[in-house]
Each structure stands twice: as C-alpha cells, then as structure tokens.
Amino acid sequence: MTDTPIIFSGSLHPHLAQEVVSLLGTSLGKRELNLFPDHEIYVEIQEEVLGRHVFILQSLGSNPNLYYMELFIILDALKRAGARSLSVLLPYYGYARQDRINKPGVSITAKLVADLLSAAGTNYLIAMDLHSEQIEGFFNIPVHHLSSKILLISQCIELGLENVIVVAPDKGAIKIASAYAQALQLPLALLDKERINVFQVEMRLFLGNVKGKTVFLIDDMCSTGGTLVKAAEVCMELGAKKIIAILAHGLFIENAIEKINQSPIEKVIVTNSLPIHDMLARHPKFHVVSIAPLLAEAVSKSIHSN
Ligand code: R5P
C-alpha cells in the first residue's frame, strides 16, 4: 500500500489534468476510455490503485450527459479496483444552473448530480467557482470550493483600475461582482436581465452609472454569449468607454466566440476550467488564465490532510 496519490483524467480536458500532474511532479494514471458501437462507455483502469488515494479530474462542458456518465463509470471502475479514497476534481460543475425550484415541475439537477457523484463512490469533491454556494450543501461528503478570483483579480489589477466600474450583468452575478468591486475597491453597477428564451435576453440598467467608465463585466460563466454581449451593448449605449469581461468559466457554445468578437467587448479574461478552443487560444481578444496551480495546491493539501 502506498500513500502516493494517483490522478486520472476524464476525456474532456486532459490538457488541464496534464498541467496539474506536471506541477505536482507526477504523471497521469493510465486508463482506456472507449465507446462501444451503441455508444455505451467502456473504461479500463490500467494502473494498480488498490489501497491508494485516487483523484479524477473531469470538466463537464458541452455534452455534460456524456462526460458525467464517463466520470461515474471511471469512479465505479476505480472503486471496484480497490482505491482507498476517490476525490473528484470538477473545474466546472455541469448542471449547476438548475439549483432551485423556480417553477413547479422542474428538477434540481445540481442536487441530483451531487447524489449521483456520491452514489458512484466519490468521497471528496474539489470544485471551482460553483454557480451558487448552496450547491456545497447538496453533498454529504466534504467539498473544497475553490475560487479563481485570486487569479482573475491580479489580471484586473494589471489592466489598471483608474476610472473603472464593476458591472454585474444580472441579479445572479451580484454576489460575485460585488466581491470583485470590494476586493478592487471599485464602484458597482447592476443590470437587470430578463431571459426571453435560451438564446435571447433583454436588459436595462438597474443601479449605478457607467458613463465615461471602463467596465469590468463580471459573470461566473459565458455560455452562448447572449448575456455578456447584451450587457456590453447596454453599457456602451449608456456611455461606457470600454468593456472588459471577466469570467470563471467559458463554455462558448454555438457561435459565442464570433458574437463576442463582433461585440463592443474589448477583452475577455477567462480561466481554462473548460477546454480552450484553438480559435480562442489564438484570438487577441481572449486572455486565458490557468487554474492548474490552484488545483495542484488543493490536491497537495488534501493529500497531506489524508
Ligand atoms: C446565469 O445564471 C449565468 O451566470 C450566466 O449569466 C449565463 O449562464 C450566461 O449564459 P449565456 O452566455 O448563454 O447568456
């Protein structure tokens, strides 16, 4: 039995997993992941994990159905192979936005996922920038909730803070935006968003004054880009000077990158919690900040507390 942990990666974001193991001075656990002809997932663990502390990194970007199922099967395979503990690293928690009953007849998928992760054998969860804090409470296992704020704030400081206002594009973003405003000692403005459908949002200024200011537009995530682009347009109409968007998670679904490119947004600072599209990596408007050091530190800390 060895105390040295072993880290496996799911198939969505091996690049980030590789960065994490490189920082920890180790290498990824060997496994085979394949699809049967009917698209059932096949997992084979090709390392000795008996009695070992095991970490599995999986991000859940586009197609969370596939990647969650893959994660559950990896966990099950590791449990059956006798791993001593199973810690899941979820840089992006898919299904997190459905975290409450907002109308009769809907599911709380964030809670369902928490139950499924535990049922599959997870003993410990390391998550990043959860959509809402109540998600931590959906688990009966310890949750280490990391924040990329520390990394993104230093990017904001590098950009300069003169004549800057922090803007929350909707009510859901007030908490995160006010945390940035407080840390950077900047004023805060708030937009009110009404979602017409999954692709279309309406917005108006609710609080604050963006006239003549550089706007730091803060949200936890960008999916189709509708929210950010609309918020940027509204701020520009109200006389803002320039717009910089700061995000923890970049899903960039459909033509989001194109939409942002054609919008008044001058720069997007985003973490690599989700895989970075080649187009985005080369794009001068986008600046990607790696969360690998935070994940590596969290793994290292949890090893020492085990
Ligand atoms: C909403 O609750 C989130 O914080 C984001 O504002 C939203 O998911 C962004 O979605 P989209 O990019 O499709 O407007």
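Below, the structure is looked at part by part. (Residues numbered from 1 in each chain as written. Predicted model: local features only at pLDDT ≥ 70, side-chain atom pairs only at ≥ 80, totals over all residues. Heavy atoms only, no water.)

## With respect to the overall build of the chain
Phase 1: Of the regular secondary structure elements, the chain holds 9 helices and 14 strands.
Phase 2: Seen through its principal axes, the chain has C-alpha atoms that stretch 65 × 45 × 35 Å.
Phase 3: Taking all 306 residues of the chain together, 50% fall into the buried category.
Phase 4: At a minimum sequence separation of 6, the contacts of the chain that also span at least 24 residues come to 64%.
Phase 5: Taken as a whole, the chain presents about 14300 Å² of accessible surface, with 52% of it coming from carbon and sulfur. (Helix = DSSP H or I, 4+ residues; strand = E, 2+ residues; numbered from the N terminus. Buried < 20%, exposed > 50% of the residue type's maximum accessible area, 1.4 Å probe, protein only. Contact = heavy atoms within 4.5 Å. Areas by Shrake-Rupley, 256 points an atom, 1.4 Å probe, with all protein chains shown as cover.)

## Here's the deal with the site of the ligand
Phase 1: Around the ligand, a shell composed of 14 residues is seen, among which Asp219, Asp220, Ser223, Thr224 and Thr227 lie nearest.
Phase 2: In this structure, Lys193 approaches the ligand through a side-chain N or O atom, which is 3.4 Å from an oxygen atom.
Phase 3: Asp219 is positioned with one of its side-chain polar atoms (N or O) 2.6 Å from an oxygen atom of the ligand.
Phase 4: Protein contact buries 90% of the 380 Å² of open area that the ligand shows by itself.
Phase 5: Considering every element that reaches the shell around the ligand, the biggest residue donor is strand S11 (residues 214–222), with 4 residues.
Phase 6: In terms of residue class, the shell around the ligand is made up of 2 nonpolar, 6 polar and 6 charged. (Near = heavy atom within 4 Å. Polar contact = N/O pair within 3.5 Å; in protein donor to acceptor, adjacent residues only side chain to side chain. Nonpolar A, V, L, I, M, F, W, Y, C, P; charged D, E, K, R; others polar.)

## Regarding the pattern of salt bridges
Phase 1: Enumeration according to the criterion identifies 11 salt bridges in this entry.
Phase 2: Linking Asp76 and Arg80 is a salt bridge whose minimum nitrogen-to-oxygen distance equals 2.7 Å. In this pair, Asp76 and Arg80 both sit in helix H2 (residues 64–80), 4 residues apart, roughly one turn of the helix.
Phase 3: For Arg80, a relative accessible area of 65% translates into the label exposed.
Phase 4: Taking the shortest distance from any N to any O, the salt bridge between Lys175 and Glu133 comes out at 2.9 Å. Highlighted residues: Lys175 in helix H5 (residues 174–184) and Glu133 in the loop between strand S6 (124–128) and strand S7 (143–146), separated in sequence by 42 residues.
Phase 5: One continuous salt-bridge network, built from bridges that share partners, spans Asp76, Lys79 and Arg80. (Salt bridge = Lys/Arg side-chain N within 4 Å of Asp/Glu carboxyl O.)

## Overview of empty space enclosed by the protein
Phase 1: Scanning the model with the defined rule gives 1 cavity of 30 Å³ or more in all.
Phase 2: Considered as a void within the structure, the largest cavity measures approximately 40 Å³ in volume.
Phase 3: Every residue along the wall of the largest cavity is listed here: Tyr92, Tyr93, Ala96, Met128, Asp129, Leu130, His131, Asp220, Met221 and His249.
Phase 4: Partitioning the lining of the largest cavity into residue classes produces 6 nonpolar, 2 polar and 2 charged. (1 Å grid on protein atoms, 1.4 Å probe; cavity = no way out; pocket = protein on both sides within 12 Å on 5 of 7 lines; lining within 4 Å. Points joined across faces, edges and corners; volume = space filled by probe spheres on them.)

## Notes on helix H4 (residues 149–159)
Phase 1: Every buried residue of H4 is listed here: Leu151, Leu152, Ile153, Gln155 and Cys156.
Phase 2: Of the residues trailing H4, Gly160 is marked for its positive phi of about 100°.

## A look at the sheet that holds strand S9 (residues 188–195)
Phase 1: Read across the sheet, 7 strands follow the order S10-S9-S8-S11-S12-S13-S14 without closing on themselves; strand pairing throughout is mixed. Where the open sheet ends on each side, the last strands, each with one partner, are strand S10 (201–207) and strand S14 (286–289). When the angles between neighbouring strand axes are averaged without regard to direction, this sheet yields 25°.
Phase 2: Note that S9 and S10 share 6 bridges and pair antiparallel. (Pairing = 2+ DSSP bridges. Axes fitted to C-alpha atoms, helices over the stretch in contact; angles between N-to-C directions.)

## With respect to the packing of H4 against H5
The relative placement of two packed helices is expressed as an angle between their axes plus a distance between the axes.
Phase 1: Where H4 meets H5, the axes come as close as 11 Å, and the angle between the chain directions of the two elements is 55°. One element, H4, and the other, H5, form an angle in the oblique class. For the pair H4 and H5, the sense of crossing is right-handed. Contacts from Lys149, Leu152, Ile153, Cys156 and Ile157 in H4 reach Ala179, Tyr180, Ala183 and Leu184 in H5. (Parallel < 35°, antiparallel > 145°, perpendicular 65-115°, else oblique. Left-handed = near helix turned anticlockwise from the far one by under 90°.)

## Considerations on the packing of H2 against helix H3 (residues 109–119)
Phase 1: Interhelical geometry of H2 versus H3 gives an angle of 25° and a closest axis separation of 9 Å. When the axis of H2 is compared with that of H3, the two are roughly parallel. Contacts from Tyr68, Leu71, Phe72, Leu75 and Lys79 in H2 reach Val113, Leu116, Leu117 and Ala119 in H3.

## A closer look at the pairing of S11
It is a general feature of regular strands that their side chains alternate between the two faces of the sheet.
Phase 1: Of all 9 residues that make up S11, 9 are buried, and the element is covered over most of its length.
Phase 2: Pairing of strand S8 (residues 164–168) with S11 involves 4 bridges; the strand directions are parallel. Note on S11: the bridge partner recorded for Val164 is Thr214.
Phase 3: Here 8 bridges tie S11 to strand S12 (residues 242–250), and the two strands are oriented parallel to one another.

In short, the description is geometric, and any link to function would need to be established separately.
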